[in-house]
Amino acid sequence: CTVPLQHVGHVEATANNSCDPAVTDDENYLVLIPSYSDRRARDCFFKSGDLVLAEYSKKRNLEFRKLFTLSAVGKLHSNWGALAFQDIIGKLPGQVMPSTLGFEFLLRRPSLEEFVLLMKRGPAISYPKDANTMLMMMDVNGGDCILEAGSGSGAMTLFLSRAVGSNGCILSFETRKDHHTLAKKNYHRWTAAWLVSHGEEWPQNVEFINQDITTAADRIKEIIFDAVALDMISPQTALPVLCPHLKQGGVCAVYLANITQVIDLLEGIRSCQIPLLCEKVVEVIHRDWLVKPAVRKDGSTAEKVEPQIERCEEICTQDDGECAVEGELAEDGPFGTVPYIARPHHQQISHT
């Protein structure tokens, strides 16, 4: 359940020697704007220690997808052939490389969303679609102090870490030792790869704590949090401990798998008379779509669709404007030449 709050964010700008100076009204203040050459320098080659995402698609269907860490020796093995790590090092992301069996693999660096979906899991993760919704509900800004109860596999922790930045802090509690260890491992794997690919450290703003949040009153007794994120089976048991440490008007966002847990949560708030208001209960729907030109069974493109020139001329006449269609359209014109198919994809990624 959530309570609305509008935060004031804190933004910092960093620069290096390759930036162009800009003069401001204050003679003692200098703004450094990244130059074009500095932006191009971010296109760095694959190096040992990089995270790489390899994909093979056939007829727009994803047949193979693998996340791995590059090293000086080793190979990526699959049913579609192998790729030597030594051949990948020194290449730019976004290139296609043939495997030993001739299949072409697309190699690139994964986004944070792709990493949390493909990293090693223990418990079910907070999916990116839900994590982003929770971030907006909590209105997380740079410099905020956030409490997370239920580290899980570390997915939500990574999104929170990026949102609060180097000036913020995250306290992440986890009861189970194995989940606590896995969350730390995934977090450090991402931060180590970030250092290799970007040449700068990921903000070290997370403290992982292996402790039940219901017994952590002494640990957080002097801290006031800007927001709280809960991913627990019974979050209502933690609210009496957390509520005094949530700032007035702050947001507590709770991630639950089924509606019966929501009912138990609301009943716990009512029976314990916890000063929280349930603003809304939301289910976030995610659906992949397939959009492609229509083709026949033999693979050839379907017949062209004749542009509706008369209809277009009629609309232009009614609007008293210049018509974009003058005479006949060229056969290779950009509009109305090939019919398209648009429908929900038959392979939907599983999201709770």
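Residues numbered from 1 in each chain as written. Predicted model: local features only at pLDDT ≥ 70, side-chain atom pairs only at ≥ 80, totals over all residues. Heavy atoms only, no water.

Enquirer: How do you make sense of the sheet that holds strand E10 (residues 169-174) when you look at a structure like this?
Expert: Paired through backbone hydrogen bonds, the strands of a sheet run either parallel or antiparallel to each other. Reading across the sheet, the five strands line up as E11-E10-E9-E12-E13 and stay open at both edges, with parallel pairing between neighbours. Two strands bound the open sheet, and with one partner strand each, they are strand E11 (206-210) and strand E13 (246-254). Along the sheet, successive strands turn relative to each other by an average axial angle of 20°, direction set aside. Here four bridges tie strand E9 (residues 145-149) to strand E12 (residues 225-230), and the two strands are oriented parallel to one another. Along E12, the bridge assignment pairs alanine 149 with leucine 230. On top of the sheet, helix H6 (residues 177-198) reaches E10 and E11; it is set at about 160° to E11, its chief contact. (Pairing = 2+ DSSP bridges. Helix = DSSP H or I, 4+ residues; strand = E, 2+ residues; numbered from the N terminus. Axes fitted to C-alpha atoms, helices over the stretch in contact; angles between N-to-C directions. Contact = heavy atoms within 4.5 Å.)

Enquirer: Looking at this structure, I do not really get unusual backbone geometry. What am I missing?
Expert: The phi angle of most residues is negative, glycine excepted, and most peptide bonds adopt the trans form. At aspartate 139, a residue that is not glycine, the phi angle is positive and equals roughly 55°. With respect to the helices, strands and loops of the structure, aspartate 139 is situated in the loop between helix H4 (128-138) and E9. In this structure aspartate 139 comes out as partly exposed when scored by relative accessible area, which is 24%. (Buried < 20%, exposed > 50% of the residue type's maximum accessible area, 1.4 Å probe, protein only.)

Enquirer: Just checking my understanding: could you explain the packing of H4 against helix H5 (residues 155-164) for this structure?
Expert: For any two helices packed against each other, one specifies the inter-axial angle together with the distance between the axes. The contact between H4 and H5 brings their axes to 10 Å, and the two run at 40°. By the angle between their axes, H4 is oblique relative to H5. Two packed elements cross with a definite hand, and for H4 against H5 that hand is right-handed. Along its contact with H4, which presents Pro128, Ala131, Asn132, Met134, Leu135 and Met138, the element H5 presents Met156, Phe159, Leu160 and Ala163. Considering only residue class, the contact of H4 with H5 consists of nine nonpolar, one polar and no charged. (Parallel < 35°, antiparallel > 145°, perpendicular 65-115°, else oblique. Left-handed = near helix turned anticlockwise from the far one by under 90°. Nonpolar A, V, L, I, M, F, W, Y, C, P; charged D, E, K, R; others polar.)

Enquirer: In this structure, what is going on with the nonpolar core? I would like to understand it.
Expert: As a rule of thumb, nonpolar side chains are buried together in soluble globular proteins. Ranked by size, the top nonpolar core spans 35 residues in total, and within it Leu112, Phe115, Val116, Met138 and Leu160 carry the most contacts. Only strand E3 (51-58), helix H3 (112-118), H4, H5, H6, E11, E12 and E13 provide two or more residues apiece to this core. Here this core takes six residues from H5, the largest share from any one element. Setting aside anything within four residues of it in sequence, one finds leucine 160 in contact with Leu135, Met138, Val140, Ile146, Glu148, Ile170 and Ala229. If you look at the next biggest cluster of nonpolar residues, it comprises 26 residues, including Leu147, Ile209, Ile213 and Leu242. (Core = buried A, V, L, I, M, F, W, Y, C linked by side-chain atoms within 4.5 Å.)

Enquirer: Would you mind going over the environment of leucine 242 with me for this structure?
Expert: Within the secondary structure, leucine 242 is located in helix H7 (residues 239-242). For the pair leucine 242 and alanine 216, spaced 26 residues apart in sequence, the C-alpha to C-alpha distance is 9.2 Å. Every residue in contact with leucine 242, bar those within four places of it in the chain, is listed here: Leu147, Ile213, Ile220, Val228 and Leu230.

Enquirer: I keep staring at the side chain of serine 151 and nothing clicks. Help me out?
Expert: Summarising the element assignment, serine 151 is placed in the loop between E9 and H5. Assessed through its relative accessible area of 4%, serine 151 is described here as buried. At 2.4 Å, the side chain of serine 151 forms a polar contact with the side chain of serine 172. Sequence-distant contacts of serine 151, that is, excluding residues within four places in its chain, are made with Thr157, Ser172, Phe173, Glu174, Ala183 and Phe208. (Polar contact = N/O pair within 3.5 Å; in protein donor to acceptor, adjacent residues only side chain to side chain.)

Enquirer: What exactly am I supposed to notice about the packing of aromatic side chains here?
Expert: Both the distance between ring centres and the angle between the ring planes are used here to describe each pair of aromatic rings. Applying the stated rule across the entire model yields eleven aromatic pairs. On the basis of an interplanar angle of 5° and a centroid distance of 5.3 Å, the ring pair of phenylalanine 68 and phenylalanine 85 is categorised as stacked. With a gap of 17 residues between them, phenylalanine 68 in strand E4 (residues 61-69) and phenylalanine 85 in helix H2 (residues 85-88) connect regions that are remote in the sequence. In this structure an aromatic cluster arises from ring pairing among Tyr56, Phe64, Trp80, Phe103 and Phe105. (Phe/Tyr/Trp six-rings, centres within 6.5 Å; stacked < 30°, edge-to-face > 60°.)

Enquirer: Help me out: how do you make sense of the confidence of the model for the protein in this one?
Expert: The predicted coordinates of low-pLDDT regions are not to be read in fine detail. With 78% of its residues at a pLDDT of at least 70, the protein reaches an overall mean of 83. For the stretch residues 1-26, pLDDT sits under 50, and the model shows 63 contacts to residues farther than four places along the chain or on other chains. Contacts of residues 324-330 to residues separated by more than four positions or lying in other chains number seven contacts, the stretch itself having pLDDT below 50. (pLDDT = per-residue confidence, 0-100.)

Enquirer: Any chance you could explain the sheet that holds strand E7 (residues 95-98) here in plain terms?
Expert: If you trace the four strands from one edge of the open sheet to the other, you get E4-E3-E8-E7, paired in antiparallel fashion. The two strands at the open ends of the sheet, each matched to only one other strand, are E4 and E7. For this sheet the average axis-to-axis angle between neighbouring strands, irrespective of direction, equals 30°. One ladder, built from four bridges, connects E7 with strand E8 (residues 104-108); its direction is antiparallel. The residue bridging valine 96 from the neighbouring strand is leucine 106, located in E8.

Enquirer: Sorry, what's going on with the pattern of salt bridges here?
Expert: Here the structure, examined in full by the defined rule, presents ten salt bridges. Here glutamate 55 and arginine 65 are joined by a salt bridge, their closest N and O atoms 2.8 Å apart. Here glutamate 55, found in strand E3, pairs with arginine 65, found in strand E4; they are ten residues apart in sequence, far enough to count as distant. Taking the relative accessible area as the measure of exposure, arginine 65 reaches 30% and is therefore partly exposed. One salt bridge connects glutamate 114 with arginine 65, and the closest N-O pair in it is separated by 3.3 Å. Of this pair, glutamate 114 sits in helix H3 while arginine 65 is found in strand E4, placing the two residues 49 residues apart along the sequence. Among the ionic contacts, a cluster of salt bridges with common partners joins Glu55, Arg65, Arg108 and Glu114. (Salt bridge = Lys/Arg side-chain N within 4 Å of Asp/Glu carboxyl O.)

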